[in-house]
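Remarks on the overall topology
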Amino acid sequence: MRSVVLLLFLFCPVLFSVAQSLTPHAGQLTGKTYIHKVSDSRDSLSAQQIIEYRNENGLSSWFALDIQKAVCLALKNYLVKNAAYTCYTLWHTVYGPTHDIIQTILEKRADSDYLNALFKSQESHYVLWAINFIDKNPELQAAFNDSVFSQIFSGDLILSQRAFNYFAYSRLSNPEIQKKMGACFGIISPKLQNQLILRYSLLERINNDAYVHLLEQYKKNYINAGQLRKIIESVEPETVNSPAIKKMMKILSEDSNPFVRSLVRKHLE
């Protein structure tokens, strides 16, 4: 009986997988091949070998080789040839011990060079894995915060949201992060804009420069009067009497929109 191989596209939260027979085509992938033998397999459906194809940039695709002779012999009259229990085996590979083994291999490998290679790949599944790993390892965050921040503008909705969430709450209390977020407020999606306003409102106060950046977005036509109202009514700057804030509020108090004029003047009373 021929073995079954599961090709796993690495790092996705739910791995997209293809079941196929091991053929010469697998050996035609570029890069180097590494065999990881599993000596302590905990059940018959866990992979006996994990085959890694590492490309020229050091990034990997994975195959799990599982031999199921007993199952295949027992059910050979009821199943398509060479396809016995591939879905069940796939579940174990994605969620079970094999997945844990692959994760352990990668976490040991994840130094600064490897993480940089993941970001440079511009492949969302690689970058998502890198962000998740950095999120769990504080000693890496200062070096990679800019790399994560840039993914907010990746154009990939899932990746953009994950990168944005990385800067939630505790990290958003950092004044430098606040200023970066405020400066890019006008070019993120309306959904992320509203999330950021909410997160700012949950902070006791935000950096003065970040607050001015938010107010400026209205004059640049990046946000509407309703969003400006949320900012003025729910977000508190460090120093209300900051010269830069007072200057911006005076400009807004003379805006052509009567709603904005009234809102700002009432706030200044």
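It should be emphasised that the depicted structure is a prediction, and the values quoted were computed from it without experimental measurement. (Residues numbered from 1 in each chain as written. Predicted model: local features only at pLDDT ≥ 70, side-chain atom pairs only at ≥ 80, totals over all residues. Heavy atoms only, no water.)

Let us look at helix H9 (residues 190–202). It helps to recall that an α-helix has 3.6 residues per turn; residues three or four apart then point in one direction. With 13 residues, H9 ought to run about 18 Å at 1.5 Å a step, and its terminal C-alpha atoms sit 19 Å apart, in line with that. Among all positions of H9, only Leu 192, Gln 193, Leu 196, Ile 197, Arg 199 and Tyr 200 are buried. For H9, the angular spread of the buried residues around the axis is 165°, confining them to a single face. Of the residues in H9, the exposed ones pointing more than 90 degrees away from the buried face are Pro 190, Lys 191 and Leu 202. On its buried face, H9 sits against helix H7 (157–166), helix H8 (175–183), helix H10 (208–219) and helix H11 (225–234). (Helix = DSSP H or I, 4+ residues; strand = E, 2+ residues; numbered from the N terminus. Expected span 1.5 Å × (residues − 1). Buried < 20%, exposed > 50% of the residue type's maximum accessible area, 1.4 Å probe, protein only. Arc of directions from axis to C-beta. Contact = heavy atoms within 4.5 Å.)

With 61 residues, the main nonpolar core has Leu 115, Ile 152, Met 181, Tyr 200 and Leu 215 as its most contacted residues. It is helix H5 (residues 124–135) that provides the largest number of residues to this core, a total of eight residues. (Core = buried A, V, L, I, M, F, W, Y, C linked by side-chain atoms within 4.5 Å.)

Once that is clear, we can look at the packing of aromatic side chains. Under the counting rule described, the total for this entry stands at five aromatic pairs. Their ring planes at 20° and their centres at 6.0 Å tell us that Phe 119 and Phe 144 sit as a pair that is stacked. Taken as a pair, Phe 119 in helix H4 (residues 112–121) and Phe 144 in helix H6 (residues 138–150) lie far apart in primary sequence, 25 residues in all. Judged by its relative accessible area of 9%, Phe 119 falls in the buried class. On the numbers, 4.8 Å between centres and 80° between planes, the contact of Tyr 166 with Phe 167 is edge-to-face. For the pair Tyr 166 and Phe 167, one class covers both residues: buried. Here the basic side chain of Arg 54 rests over the ring of Tyr 34, its NZ or CZ set 3.9 Å away from the ring centre. Above the plane of the ring of Tyr 166 lies Arg 171, whose end atom (NZ or CZ) is 4.0 Å from the centre. (Phe/Tyr/Trp six-rings, centres within 6.5 Å; stacked < 30°, edge-to-face > 60°. Lys NZ or Arg CZ within 6 Å of the ring centre and 35° of its normal.)

With that settled, consider the pairing of strand S4 (residues 49–54). Burial analysis of S4 places five of its six residues in the buried class, which makes it a mostly covered element. In the sheet, strand S3 (residues 32–37) pairs with S4 via six bridges, with the strands oriented antiparallel. The partner of Lys 32 across the bridge, within S4, is Arg 54. (Pairing = 2+ DSSP bridges.)

Of all the positions in H4, only Tyr 114, Leu 115, Ala 117, Leu 118 and Phe 119 are classed as buried. Looking one or two residues beyond H4, the residue adopting positive phi is Gln 122, at roughly 60°.

Right, let's talk about the confidence of the model for the chain for a bit. Mean pLDDT over the chain works out to 77, with 72% of the residues at or above the 70 mark. For the chain, per-element mean pLDDT is lowest for strand S2 (residues 17–21), which scores 30, and highest for H7, which scores 95. Taken as a whole, residues 1–28 scores under 50 in pLDDT and shows 73 contacts with residues more than four places along the chain or in a different chain. Taken together, the stretch residues 67–88 has pLDDT below 50 and engages in 20 contacts with residues farther than four places along the chain or on a different chain. (pLDDT = per-residue confidence, 0-100.)

The next subject is unusual backbone geometry. Glycine aside, residues mostly have negative phi, and peptide bonds are mostly found in the trans state. One non-glycine residue with positive phi stands out, namely Gln 122, at about 60°. With respect to the element layout, Gln 122 can be found in the loop between H4 and H5.

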